[in-house]
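Residues per chain, in single letters:
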Amino acid sequence: MTFHSAIDADGWLLTAQRHLSPNYDQRPLNTVIDLLVIHNISLPPGEFGGNWIDDFFLNRLDPAAHSYFVTIAQLRVSAHLLICRDGTLIQYVPFMQRAWHAGKSCFQGRERCNDYSIGIELEGTDDMPFTDEQYQTLNTSIVQLRSTYSAITSERIVGHSDIAPGRKTDPGAAFDWARVH
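J.: So what exactly am I meant to see when it comes to the pattern of salt bridges here?
T.: If charged atoms from side chains of opposite charge come close, those side chains can pair. Summed over the entire model, instances satisfying the criterion amount to nine salt bridges. The partner of D55 in a salt bridge is R60, and the shortest N-O contact between them spans 2.7 Å. Here D55 falls in the buried class, since its relative accessible area comes to 14%. Here D132 ties to R179 by a salt bridge, and the two come within 2.9 Å at their closest N and O atoms. Residue D132 is found in helix α3 (residues 132–148), and its partner R179 is found in the segment after α4 (160–163); the two are separated by 47 residues along the sequence. Salt bridges sharing partners connect three or more residues here, namely D25, R98, R112 and D115.

J.: I keep staring at the packing of aromatic side chains and nothing clicks. Help me out?
T.: The description of two aromatic rings rests on the distance between their centres and on the angle between their planes. The final tally for this structure, using the stated rule, is seven aromatic pairs. Geometrically, the ring pair formed by F95 and Y149 is edge-to-face, given 6.2 Å between the ring centres and 75 degrees between the ring planes. In this pair, F95 is assigned in the loop between β5 (89–91) and β6 (97–99) and Y149 in the loop between α3 and β10 (157–159), connecting sequence segments 54 residues apart. With a centroid separation of 5.7 Å and 75 degrees between ring planes, the pair formed by F130 and F175 is classed as edge-to-face. Placement of the pair is F130 in the loop between β9 (117–123) and α3 and F175 in the segment after α4, with a sequence separation of 45 residues. The exposure classification of F130 matches that of F175, with both residues buried. Following the ring pairs from residue to residue traces out a cluster consisting of F130, Y135, F175 and W177. Its guanidinium or amino end placed over the ring of F48, R85 lies 4.2 Å from that ring's centre, counting from NZ or CZ. Against the face of Y116 rests R110, its NZ or CZ located 3.5 Å from the ring centre.

About the cut-offs
Residues numbered from 1 in each chain as written. Predicted model: local features only at pLDDT ≥ 70, side-chain atom pairs only at ≥ 80, totals over all residues. Heavy atoms only, no water. Salt bridge = Lys/Arg side-chain N within 4 Å of Asp/Glu carboxyl O. Buried < 20%, exposed > 50% of the residue type's maximum accessible area, 1.4 Å probe, protein only. Helix = DSSP H or I, 4+ residues; strand = E, 2+ residues; numbered from the N terminus. Phe/Tyr/Trp six-rings, centres within 6.5 Å; stacked < 30°, edge-to-face > 60°. Lys NZ or Arg CZ within 6 Å of the ring centre and 35° of its normal.

If you want it as structure tokens, here you go:
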């Protein structure tokens, strides 16, 4: 496989900070990465900033720090990328590995979307507008990803709600799909 200069041979985006999550494993053999899933996350819910998302993806979230954390601290989840409110980009899992972001999911009749997708989390909520900086970083990241993973077409950039309807609602009504190029 030939890698675009923005992504190294190990599957790291060169423009992202690296915070390696332990929450990943191998993709099935010969998997073509052909789906990009957009999520949102805020910890605690509706609050931005701080290190809570980082702590969550790195399995070091303190359940005593907030009452909500008691319900999620034991979960083992990750995403490939997180885009913070200020546009900062953090990568938790190399793209060649399977991040644990989608859960029970199905796209066009094909289950287990984690097997063949890249997950991008935006710091935000379903009902609060995302920032200009987030859309700029997201669009730049999409261009970089698509130059390496050409099977991710425009039609294969979806929300978590598209692959887990009834179970998930993100990226939510406040996400402006018209701003995704």
